[in-house]
Amino acid sequence: MADTTVGAGDGAAKPGAAKTAWLWHPPLPIKSAPLFAWPPQPAALVKYLVSPFFLWSLILPFGALATLTWYYLQPPLAMSVTWQVDWVLWVFARNLGLMVVVAGGLHLFFYTFQRQGTKRKFDPRDLDRDNPKFFARNQVWDNIFWTCASGVTIWTAYECFFLWAYANDYLPYYLEWTRHPVWFVLMFLAIPFWASFHFYCVHRLLHWPPLYKLAHALHHRNDNPGPWSGLSMHPIEHVLYLSSVLIHVVLMSHPIHILFHNQWNALGAATSHTGYDSILLKDKPIFALGAFHHQLHHRYFNCNYGNTFTPCDKWFGSDLDGTPESLAKMRKRWRDKRMTAKT
Ligand SMILES: [Zn+2]
Ligand SMILES: [Zn+2]
């Protein structure tokens, strides 16, 4: 089967178009953040950290949302001293509301009202509407179920654990931002890189065949994902994927960092699975979503287990940078592996 990886640029989606042709993709090869570049590139790193992609589309919006949540949408910490249904339900309802606004809003924008048409859309196909592999044969309803029933519940469980631990002063550190303003700010910048490394490790584990069959296959039914596919996972995967927040047990943090970290993982999964590169205003990208790297994982499966914040895939030989050369190399590796397994 012919496979070019490289698509045809902007254009209208064609019904029944070949699964292998991309409508649009970012400049190739896909590059990782220059944090671990060797020799070090401090100027490139600073440029990246203040870039429209990293600072304006990710850190500032997620930072603002976490701060807003802490000051206006959060039960007072004193309520969390003992386990009570009222404050736990408060956190669950709040998280559910946030997910509906973010994933639901993106779905309405891109797919229901098609406000952007196919501009900056990766895959020409529409979401699955009549496929028996999904509940009610509908990809979107199926994805909404797993996201809300399991994803939001486990996200809430991690959050409530931290609120309860902070309220009882069980954690070794509580970061007062007035006393440690630099550390407070640096933590927001560091979380994406830690979450990326953690994602690579747990994702690699989830591709271990027994665990894949048991849990991760559910997420991979979405070979053409939409916003609701991001957190559409098996509960085992939710527990593993969202566990990166546990790093704050040993790091000096403020509860806003916990909210930021969880929202980054949960709501960020919705923004990074839209199937689009960015939101446009008058044909200019104003909000980067930028997940072609992970879109390749959904299509080709045995590659790109991490994301572009850390070069884990490059370090461990699973990087597919989107170029035809890279795909040919990866295909050869998969073939060799199958041959070795047979002999
Ligand atoms: Zn996977
Ligand atoms: Zn995914």
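Conventions adopted
Residues numbered from 1 in each chain as written. Chains lettered and ligands numbered in written order. Predicted model: local features only at pLDDT ≥ 70, side-chain atom pairs only at ≥ 80, totals over all residues. Heavy atoms only, no water. pLDDT = per-residue confidence, 0-100. Contact = heavy atoms within 4.5 Å. 1 Å grid on protein atoms, 1.4 Å probe; cavity = no way out; pocket = protein on both sides within 12 Å on 5 of 7 lines; lining within 4 Å. Points joined across faces, edges and corners; volume = space filled by probe spheres on them. Helix = DSSP H or I, 4+ residues; strand = E, 2+ residues; numbered from the N terminus. Nonpolar A, V, L, I, M, F, W, Y, C, P; charged D, E, K, R; others polar. Phe/Tyr/Trp six-rings, centres within 6.5 Å; stacked < 30°, edge-to-face > 60°. Buried < 20%, exposed > 50% of the residue type's maximum accessible area, 1.4 Å probe, protein only. Core = buried A, V, L, I, M, F, W, Y, C linked by side-chain atoms within 4.5 Å. Polar contact = N/O pair within 3.5 Å; in protein donor to acceptor, adjacent residues only side chain to side chain. Disulfide = S-S within 2.5 Å. Donors = N, O, S within 2.8 Å, 3.2 Å for Na, K, Ca; no water. Salt bridge = Lys/Arg side-chain N within 4 Å of Asp/Glu carboxyl O.

A short note on the confidence of the model for the chain
Moving on, step 1. With 94% of its residues at a pLDDT of at least 70, the chain reaches an overall mean of 92.
Moving on, step 2. Scored below 50 in pLDDT, residues 1–18 shows 38 contacts in the model against residues more than four places distant or in partner chains.

Topic: empty space enclosed by the protein
Moving on, step 1. Within this structure, the stated rule accounts for three cavities of 30 Å³ or more.
Moving on, step 2. Here the largest cavity defines a volume of roughly 530 Å³.
Moving on, step 3. If you go around the largest cavity, you meet 34 residues; those closest to its centre are Tyr241, Gly268, Ser272, Asn307 and Phe309.
Moving on, step 4. Ranked by residue count, the leading element in the lining of the largest cavity is helix 5 (residues 181–206), at seven residues.
Moving on, step 5. Class assignment of the residues belonging to the lining of the largest cavity gives a composition of 17 nonpolar, 16 polar and one charged.
Moving on, step 6. Its boundaries defined by the atoms lining it, the second largest cavity holds a volume of some 50 Å³.
Moving on, step 7. Taken together, Ile30, Lys31, Ser32, His293, Asn307, Thr308, Thr310, Pro311, Cys312, Asp313, Lys314 and Asp319 make up the lining of the second largest cavity.
Moving on, step 8. At three residues, helix 10 (residues 312–315) tops the list of elements feeding residues into the lining of the second largest cavity.
Moving on, step 9. Class assignment for the residues of the lining of the second largest cavity results in three nonpolar, five polar and four charged.

Observations regarding the packing of aromatic side chains
Moving on, step 1. Across all of its chains, the model carries 33 aromatic pairs by this definition.
Moving on, step 2. Ring geometry for phenylalanine 199 and tyrosine 241: centres 5.8 Å apart, planes at 75°, overall edge-to-face. In this pair, phenylalanine 199 sits in helix 5 while tyrosine 241 sits in helix 7 (residues 235–241), placing the two residues 42 residues apart along the sequence.
Moving on, step 3. For phenylalanine 199, a relative accessible area of 14% puts it in the buried group.
Moving on, step 4. Given a relative accessible area of 12%, tyrosine 241 falls into the buried group.

Observations concerning the layout of surface pockets
Moving on, step 1. As a volume, the largest pocket reaches approximately 720 Å³.
Moving on, step 2. Forming the walls of the largest pocket are 27 residues, and the residues nearest its centre are Pro26, Pro27, Phe53, Asp277 and Gly290.
Moving on, step 3. Listed by contribution, the elements that provide at least two residues to the lining of the largest pocket are helix 2 (52–72), strand 2 (284–288) and helix 9 (292–300).
Moving on, step 4. Here the lining of the largest pocket is built from residues that sort into 17 nonpolar, seven polar and three charged.
Moving on, step 5. Its volume calculated, the second largest pocket comes out at about 330 Å³.
Moving on, step 6. As for the second largest pocket, its lining consists of 15 residues, of which Arg204, Asn302, Tyr305, Trp334 and Lys337 are closest to the centre.

Points about the nonpolar core
Moving on, step 1. If you look at the biggest cluster of nonpolar residues, it comprises 59 residues, and the most contacted ones within it are Met99, Trp155, Phe260 and Trp264.
Moving on, step 2. A per-element tally of this core places helix 4 (residues 139–167) first, with 12 residues.
Moving on, step 3. In this structure, Trp22, Trp24, Phe292 and Cys303 belong to the second largest nonpolar core, which totals 12 residues.

A word on the side chain of asparagine 222
Moving on, step 1. As for its placement among the helices and strands, asparagine 222 is situated in the loop between helix 6 (209–220) and helix 7.
Moving on, step 2. In this structure asparagine 222 comes out as buried when scored by relative accessible area, which is 0%.
Moving on, step 3. Polar side-chain contacts of asparagine 222 include one of 3.0 Å to the backbone oxygen of histidine 219.
Moving on, step 4. Look past the residues within four positions of asparagine 222 in its chain and what remains in contact with it is Phe134, Gln139, Asn143, Ser229, Ser232 and His298.

Overview of the state of the cysteines
Moving on, step 1. Inspection of the entire model under this criterion finds zero disulfides.
Moving on, step 2. Cysteine 148 takes part in no disulfide bond, and the closest cysteine sulfur, belonging to cysteine 160, lies 17 Å away.
Moving on, step 3. Cysteine 148 sits in the buried class, given a relative accessible area of 16%.
Moving on, step 4. Look at cysteine 160 and you get buried, because its relative accessible area is 2%.

A few points about the coordination of the zinc ion (ligand 1)
Moving on, step 1. At 2.1 to 2.2 Å from the zinc ion (ligand 1) lie its protein donor atoms, namely His203 (NE2), His207 (NE2), His216 (NE2), His220 (NE2) and His297 (NE2).
Moving on, step 2. In primary sequence terms, the donor set of the zinc ion (ligand 1) follows H-x3-H-x8-H-x3-H-x76-H. One end of the pair, histidine 207, is in the loop between helix 5 and helix 6; the other, histidine 220, is in helix 6, with 13 residues separating them in the sequence. In terms of burial, histidine 207 and histidine 220 fall into one category: buried.

Some words on the pattern of salt bridges
Moving on, step 1. Counted according to the given criterion, the structure contains 11 salt bridges.
Moving on, step 2. Notably, a salt bridge pairs arginine 125 with aspartate 123, separated by 2.9 Å at the nearest N-O pair.
Moving on, step 3. Take aspartate 123: its relative accessible area is 1%, and that puts it in the buried class.
Moving on, step 4. A salt bridge links aspartate 319 to lysine 314; its shortest N-O distance comes to 3.8 Å.
Moving on, step 5. Connected through shared salt-bridge partners, Asp123, Arg125, Asp223 and Arg299 make up one network.

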